[in-house]
Amino acid sequence: MRFDCESDSEADRKVSMRWLLLLGLVALPACYDLSKVETRHTTSNVIDWRDEVIYQLLVDRFANGNRANDDRTDPTALARYQGGDWQGVIDHLDYLDRLGVTAIWISPVIRNVDTDANVDGYHGYWAQDMTATNPHMGDLAKLRELVDKAHARGMKVILDIVTNHLGQLFFYDINGNGVPDENISGAGGMGSALERVTEYDPDYDPRGIQADTSLGESGSAPIRWIYQPEIHRMPPRPAEFQNPDWYNRRGRITSYANANHQPGEQVYKGDFPGGLKDLKTSHPDVQAALARVFNEWIDKADFDAFRIDTLKHVEHEFWQEFCPAVRKHCKAIGKKNFFMFGEAFDGDDALVGSFTGDNQVDSAFFFPQKFAVIDRVIKEGKEGTTSIEKQFKTLKEAYGAVPNVDGPVSESGQGLAAQQLMVNFLDNHDIPRFLYEKISPPPLEPHAALHSALDFLFTEIGIPCVYYGTEQQFRGGNDPANRERLWDSGFDEGNPTFKHIQRLTGLRKNFRPLRRGDLQVRWATDRKGDEVDAGVFAFERSDGGKSVLVVQNFSDKHESKTVAPQGGRMKVSFPPGTGLVNVFGPSEPLQVGGDGTVVVSVPPRDMKVFVPQDDKDGIP
Amino acid sequence: MGPRALALIALLPAVALAAEPLDDSLPPPVADEGAAAATPKPALPAQSGFSFGSYGRVGVGIDGAAHEGYAVNVVSRGSRLEKAPYLELYLFYTGALTDGARWRVVVTPAFAGDLFHYSGSFASRLALRNAYVETVDLGVAGLRLWAGSRMYRGDDVYLFDWWPLDSLNTVGGGAGWRGGRWDVAIHAGLNRIDDAFALQSVTVPARGLGAPGQALAVDRPRGVASFKLTCLLGPPGATAGAKASLYGEFHGVGEGDRPIVAQMRTEKLPADYGFVLGAQLGGWTGSHRFVNLFVRYAGGLAAYGEATAPAAVDNSGRATAARDFSTALSLNWESSFFGVMGGATVRNFTDAAPGQYNPANYVEGIIAARPHLYFGRYFGLAAELSYQSRKYGGFDPLLDRRLTPQVLRASLMPYVSPTGTGTYSRPQIYLLATVSRLNDDARVVRFEPGDLRYSTATVLYFGIGAEWWFESLYAL
């Protein structure tokens, strides 16, 4: 018998009616309509990933939509749960829409170890049960509701996943006593150095962590799963991940040294700091199981992309198995344009680029650009803008140039390569916020440099990704200070940076070349700091015969213009005599000279975007 | 047409089917934890003196694998057959005045928990369920006045051990008047449940040397006011008739500041409110034949009951959105050789937490019948058949789907009752054999994975027990 009026089958309906007649006098108080979230139909929602504006949010920090799931929250300590949840994201989709966001990257959704060493798993990177949702955020119905409501307004949802490790779910029983020990030995004096040994998180040993007692070593240390149901620190799920052979068991990484532009052995095989146990991702069974687990999440909640954590900590061979398996699955269920981009926290283009293309991920977080351009040029002014030009050249050389089979495609169905799909960012949850490190000096507004960096982010080639709170001028330092509660801002849409991002998303939306166009650098300078015309940089984005000229000045000090010391002027692709107009700021006319050059002068920390007069209302 | 409109239409035929009587001639009182009684109400003694009454049940059983027997209900109020032992003692003194007025003092110790001969533990849980004084006809005929700690209850659905209306536990007072075909009562009281929602203290340093002290930080007693108006629809004293009742409650708690000492801050607890609106239609035709139909609609704080803190609050910290909409049916029919008790309820509960797909929301229902065959004056055979189901409003976090637990039950109860035939005759000594069939969702809901009962789809219960009541105190 069923008491709803949404019975799943005709048979159910008949039974329901019979019972209702028997009940006779007793009313049917109400029914629920869950049909929308009970069954899933995966959908294709993306036309061209280059059109998207990604907004990264930590669910626990974005908005608290349901106090009923505020378990173990502590608003006085950012290393603890704060109470944000999927309902909160649902409640603020309008806010994101108005900001101009088209894709939201949400922090991991799976069940985590609740707390470890007095820090909570609010971020989602301490997986325990890869099949279950994190109850602090909601349940699967709520997650589906979020994805459905985002899709209904054309917004995509990106799932953050981790394949490198799970949470700290076991310890190495080095001394064989069955309990996790943490010992400090030595007196700290000459010849008696203090030494700390922890069975939770011992230092890397290439042989694998060895059992060891006062009598010496005795072979590989057994691992023991921890049973702490009160904090959900339990053996992993699915249960197949409880096989000790599925872990490298070599202990914590102590050296991140790369070799020949590739991660070192420890990076691949060591436990991630915090005792996060490294999966043996070279094992075919592990590869298949991880693909199965995360493909199920696509089925369950209709995600549009994966953001993949700790990309460089996992072997190329894994990605060459995992990524095609995901693409094959998406193809089988009719989901087109599924996108996978990874996070390799490294400044080495060759290393990061080596994980793109070749049947691996479709794209990567552009960390090398973050270090070489965002920090060194835009934030610090310690390098000339020729460094940006150099970075763009490296992009062409080091990153995947050939689209992955069944990977992302353009609107016309042409495969898109990593070089076109790099995910650009200023900051994220693992590094200090831009404003923590850079406040512009007077007479500029304190956020002038941030706006200048955002200008670059939204006009350069690739997909812009904004870290939540940027629009509210958050300025937290390293983790967890950079993981503030967004609701403390009151979701202020009058914040100057919110408005600035609104302008930029609008600009990007109106002018297709800024989304999909090729990029040609038109002006760069070696001058830096207080030197004349330092900080100026110009490029064109061109698509379908239409071009947009972007000229920026990253100097805090002075106006700069596109003129060389010897008098050389900036050559552009527009025909001589073309009348251009600035569409980002005061409508400033500019005419291309007879020699095909222009001189553009830009105030400090400002940007001008020129298009031909005929295109001033937009290039669709 | 919405479900609530359907509900109202479904109510209409019930009006014709009568209700439980107001007089003293029909089924004897029924009581339980929270005590209580269905009508009729025995008359007070005409003379002064002590009196004693009791409700109790004691039983024991095993399942099909020789584990301790257990109940398998998946709804809020399921079958009462396998309920744990419970005992109430009614101690009261009645004073009769010369003008016909009376007064009495009522004290009700109640016992629950382990039985010594079962657990070997020399301990029991004792509660004082009643401690009040009441007057009747003092100065005004039909006037009743009372004050003290009182359970305040009306008619029940016996098979589910449930009082849909006027089931209150407060310390306070009230007044009532009964005359002609009218009976009206009001009651107001307080409770301050032992829960952080209502009461919190913080440890503070000693003023000088010595142990730290306690400072009261949250003190939010709940005020509960209720009224009930009953109209007898037939001629008073007739063997057949009907009655209609309207019922309401108002609940309120004040605001507070909850200290979170470890975080050196306080959290605002806003004032909150709740209400209950209810109605009862009943009729009887004499000879222990009656039917009662109840409708109850509760909101806010009151949706969780008067002695329970809200399980969740909305983002303003209130339980405003919580709703509990229930309907219930209770009936009894008897002849010289056969009797049957019946009951059915449907309940729609909506939690205060926001969200369309809240797993704390549910719709549930149960229907049950207990026919009896009498073999002579003292012996009988009863059987109970029931079906219950609940549909949750959100997904189960383990299975990631919405669960719909369902249980089909059948019981046989050979019994002996020294007070004669009748479905309500007590005491009753009985043997009990029950088979319950659980669907997969019912197993998941009832037990955690790993529980030795988790995989049992057919649950057996073989037991022996007794139930009694006499001289109920709910009789003024």
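Conventions used here
Here, residues in each chain are numbered from 1, in the same order as that chain's written sequence. A letter from A marks each chain and a number from 1 marks each ligand, given out in the order of writing. Side-chain atom pairs in this predicted model are given and counted only at pLDDT of 80 or more, local residue features only at pLDDT of at least 70, and totals for whole chains, interfaces and linings cover all residues. Working definition of burial: number of other C-beta atoms within 10 Å of the residue's own, with buried at 20 or more, exposed at 12 or fewer, and partly exposed in between, all C-beta atoms being placed from the backbone. In this description a helix means any DSSP run of H or I spanning at least four residues, a strand means any run of E spanning at least two, and both kinds are numbered starting from the N terminus. For two strands to pair, DSSP has to find at least two bridges joining them. Any set of buried Ala, Val, Leu, Ile, Met, Phe, Trp, Tyr and Cys residues joined through C-beta atoms within 7 Å is what this text calls a nonpolar core. Contact definition: two residues whose C-beta atoms, as placed from backbone geometry, lie within 7 Å. Per residue, pLDDT captures the predictor's confidence, and it can take any value from 0 to 100. Lines fitted to the C-alpha atoms define the axes, with helices restricted to the stretch that makes contact. Angles between their N-to-C directions range from 0 to 180 degrees. Each residue after the first adds 1.5 Å to the expected span of a helix.

A. Structural context of the pairing of strand β23 (residues 428-438) of chain B. Residues and elements named next belong to chain B. The alternating pattern of β23 places Gln 428, Tyr 430, Leu 432, Thr 434, Ser 436 and Leu 438 on a buried face, while none of Ile 429, Leu 431, Ala 433, Val 435 and Arg 437, on the opposite face, is buried. Across ten bridges, β23 lies against strand β24 (residues 458-470) in antiparallel orientation. Its bridge partner lying in β24, Ser 436 is registered against Val 459.

B. Molecular detail of the nonpolar core. Within the largest apolar cluster, 158 residues are counted, with the highest numbers of intra-cluster contacts made by Ile 104, Ala 364, Ala 453 and Ala 538 of chain A. Residues within four places of Ala 453 of chain A in sequence aside, it is in contact with Ile 374, Ile 378, Lys 379, Leu 426 and Phe 434 of chain A. Ranked by size, the runner-up nonpolar core spans 52 residues in total, among them Val 74, Leu 81, Tyr 247 and Val 276 of chain B.

C. Spatial organisation of the confidence of the model for chain B. Here chain B averages 87 in pLDDT, and 89% of its residues register 70 or above. Confidence drops under pLDDT 50 across residues 1-43 of chain B; counting only partners more than four residues distant or on other chains, this segment forms 127 contacts.

D. Looking closely at the sheet that holds strand β26 (residues 579-582) of chain A. Residues and elements named next belong to chain A. Pairing in this open sheet of six strands is antiparallel, and the strands run β21-β22-β23-β30-β26-β27 from one edge to the other. Here the strands that pair on one side only, and so sit at the sheet edges, are β21 (518-523) and β27 (589-591). For this sheet, the mean inter-axis angle between neighbouring strands, taken without regard to orientation, is 25 degrees. Pairing of strand β23 (residues 546-553) with strand β30 (residues 606-612) involves five bridges; the strand directions are antiparallel. Opposite Leu 549, over in β30, you have Phe 610 as the bridge partner.

E. Fine view of helix α6 (residues 140-152) of chain A. Across its 13 residues, α6 of chain A extends 18 Å between first and last C-alpha, which sits within 8% of the 18 Å expected from 1.5 Å per residue. Two residues or fewer past α6 of chain A, Gly 154 of chain A is found with a positive phi of approximately 80 degrees.

F. Structural context of the sheet that holds strand β17 (residues 339-342) of chain A. Residue and element names in this part refer to chain A. A sheet is described by the order of its strands in space; here eight strands give the open sequence β18-β17-β16-β7-β2-β1-β20-β19, paired in parallel fashion. Since the sheet does not close on itself, it has two edges, and those belong to β18 (363-364) and β19 (423-425), each with one partner. As paired elements, strand β1 (residues 54-57) and strand β2 (residues 103-106) share four bridges and run parallel to each other. The residue bridging Gln 56 from the neighbouring strand is Trp 105, located in β2.

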